[in-house]
Amino acid sequence: LNFHDTCTRSGLYSLPLPFIVGCEGGGIVREVGSDVTEVKPGDRVVYLQEGPQGSYAEYTNVEFTRLMPVPDDVELDVATAAAVQALTAHYLVNDSYNIQENDWCVIHAAAGGTGQILVQMAKSKGARVIGTCSSEHKAEIAKTKG
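Residues numbered from 1 in each chain as written. Predicted model: local features only at pLDDT ≥ 70, side-chain atom pairs only at ≥ 80, totals over all residues. Heavy atoms only, no water.

**Student:** Could you give an account of the side chain of D5, with specific residues and numbers?
**Tutor:** Here D5 lies in helix α1 (residues 3-10). Look at D5: it is buried, it has no salt bridge, and the nearest opposite charge is R9 at 7.4 Å. Dropping the residues within four chain positions of it, D5 is found in contact with V21, G22, C23 and Y56. (Helix = DSSP H or I, 4+ residues; strand = E, 2+ residues; numbered from the N terminus. Buried < 20%, exposed > 50% of the residue type's maximum accessible area, 1.4 Å probe, protein only. Lys, Arg positive; Asp, Glu negative; His and termini not counted. Salt bridge = Lys/Arg side-chain N within 4 Å of Asp/Glu carboxyl O. Contact = heavy atoms within 4.5 Å.)

This is how it looks when you write it as structure tokens:
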């Protein structure tokens, strides 16, 4: 359950009824349109959509451009749960600033969902990481990520 869906369910985001909650999802492609060649039935994917698009439903219709492949060695529930955090981390270490080997970077909330992925991505690019946390317990979690 992500932040956006929590806000939708609480009524903070006012939407016309009826709607099916869920803007992130994951699963196995069942069918594709005749002109779609980028994905095929059986592919494991996660997706993000704008607004509530019904990912809580058993089946959803998703534009193929919103699908991201999931490697066989990653569980679908893990990939689905981490998609937004991973995309955020990827954007930060590659687009906001393209971290280079031996760069120093400070990652706040390094034990949080996005923080843990940021630490790993920055370290994989050869950066020197300083992580901040609010407790010793969280510092131990962050240390396990690099």
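After presenting the structure, the write-up continues.
**Student:** Which residues make up the sheet that holds strand β2 (residues 44-48), and what values go with them?
**Tutor:** Spatially, the three strands line up as an open sheet ordered β1-β2-β3, and their pairing is antiparallel. The sheet is open, and its two edges are formed by β1 (24-28) and β3 (67-69), each paired on a single side. In this sheet, adjacent strand axes meet at a mean angle of 25° when their direction is disregarded. With three bridges connecting them, β2 and β3 associate as antiparallel partners. The partner of Y47 across the bridge, within β3, is L67. Across the sheet, helix α2 (residues 76-96) lies against β1, β2 and β3, angled at about 40° from β2, the strand it touches most. (Pairing = 2+ DSSP bridges. Axes fitted to C-alpha atoms, helices over the stretch in contact; angles between N-to-C directions.)

**Student:** Give me the nonpolar core: which residues, what numbers.
**Tutor:** By size, the foremost hydrophobic cluster in this structure holds 13 residues, and its most contacted members are I99, C105, I107, A110, L118, A122 and A127. The greatest single-element share of this core, amounting to four residues, is contributed by helix α3 (residues 113-124). Look past the residues within four positions of C105 in its chain and what remains in contact with it is I99, A122, A127, R128, V129 and I130. (Core = buried A, V, L, I, M, F, W, Y, C linked by side-chain atoms within 4.5 Å.)

**Student:** Please provide a residue-by-residue account of the pairing of strand β5 (residues 128-131), values included.
**Tutor:** Pairing of strand β4 (residues 104-107) with β5 involves four bridges; the strand directions are parallel. When the sheet's bridge partners are listed, V106 is paired in β5 with I130. Note on the crossover from β4 through α3 to β5: the handedness is right-handed. (Right-handed = clockwise from strand over helix to strand, strands pointing away.)

**Student:** Can you lay out α2 for me, pointing to particular residues and giving the numbers?
**Tutor:** Taking 1.5 Å of rise per residue, 21 residues should cover 30 Å, and α2 covers 28 Å from first to last C-alpha, within 8% of that figure. The sharpest bend along α2 measures roughly 55° and falls at A83. Among the residues of α2, those classed as buried are L76, A79, T80, A83, A89 and V93. Next to the buried residues of α2 lie β1, β2 and α3. (Expected span 1.5 Å × (residues − 1). Bend = angle between axes of the 7 residues up to and from the residue.)

**Student:** Any details on the state of the cysteines? Residues and values, ideally.
**Tutor:** Per the counting criterion, the structure on display carries zero disulfides. No disulfide involves C7; its nearest neighbouring cysteine sulfur is the one of C23, lying 10 Å away. The buried category is assigned to C23, whose relative accessible area is 6%. (Disulfide = S-S within 2.5 Å.)

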